[in-house]
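# Geometric and topological summary
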Amino acid sequence: MSTVTTGEHLLELACPPDDVSAVHTFLSGVWDREPTVSAEDRMALELALVELTSNVIEHGAHAHGVSCQLRLAIGDDRVDALLSDDGSPATVDPDAARLPEDLAESGRGLALVRMVVDDLRYERVDDRNRWTVARARR
């Protein structure tokens, strides 16, 4: 079944000076323009996209930082997001992400993302990382 896209939205980030607060601001504007996206979907997508962007900034940045592009497509029955960046290649497997022990101070990011979206994929294409997220609208 194909999804009809009602809106596409794009955010370009250069970190630094940008940080994850730019993603919060961007999504706030998207939700203003896309009022049919439910509160549950908004919260889940915001968690997923902020966590992914935070991971890219923290773990993928070179000495000069990292540039990212976040593309969000709102369809009638699903939301698709693509976060691409020019950072270091990721060394994690999103399919293997699991929540760590209660006292662990890190390692929750991708596991949390996987819990709130229907699909999370990573691939390295040429010199860019591509994180793809999909969530069926509830």
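Chains are numbered independently. Their residues run from 1 in the order of the written sequence. Local features in this predicted model are restricted to residues of pLDDT 70 or higher, and side-chain atom pairs are both shown and tallied only at a pLDDT of 80 or more, whereas totals for entire chains, interfaces and linings draw on every residue. Neither water nor hydrogens contribute to the side-chain values; these are computed over all heavy atoms in the structure.

### Here we look at the packing of aromatic side chains
Side-chain rings of Phe, Tyr and Trp (the six-membered ring for Trp) are treated as a pair once their centres are within 6.5 Å; stacked means planes under 30 degrees apart, edge-to-face means over 60, and tilted covers the remaining angles. Here the structure, examined in full by the defined rule, presents 1 aromatic pair. Ring geometry for Tyr 122 versus Trp 131: centroids 4.6 Å apart, planes at 45°, classification tilted.

### Some points on the pairing of strand 2 (residues 66-75)
Working definition: with a 1.4 Å probe on protein chains only, accessible area under 20% of the residue-type maximum means buried, over 50% means exposed, and in between means partly exposed. Strands here are runs of E lasting at least two residues and helices are runs of H or I lasting at least four, both read from the DSSP assignment and numbered beginning at the N terminus. The buried count for strand 2 comes to 7 of 10 residues, which makes it a mostly enclosed element. As paired elements, strand 2 and strand 3 (residues 78-85) share 7 bridges and run antiparallel to each other. The residue bridging Cys 68 from the neighbouring strand is Asp 85, located in strand 3. Counted between consecutive antiparallel strands, the loop separating strand 2 from strand 3 contains 2 residues. Here the rule is simple: two strands pair whenever DSSP picks up at least two bridges between them.

### Regarding unusual backbone geometry
Here the residue pair Cys 15 and Pro 16 is connected by a cis peptide bond, since its omega of -10° sits within 30 degrees of zero. Along the polypeptide, Pro 16 turns up in the loop between strand 1 (5-15) and helix 1 (21-33). Of note, the bond from Pro 16 into Pro 17 is cis; its omega dihedral lies within 30 degrees of zero at 15°. Inspection of the secondary structure puts Pro 17 in the loop between strand 1 and helix 1. Of note in this structure, Asp 126 is not a glycine but carries a positive phi near 55°. On the secondary structure map, Asp 126 appears in the loop between strand 4 (119-125) and strand 5 (128-136). Under the relative-accessibility criterion, Asp 126 is labelled exposed at 74%.

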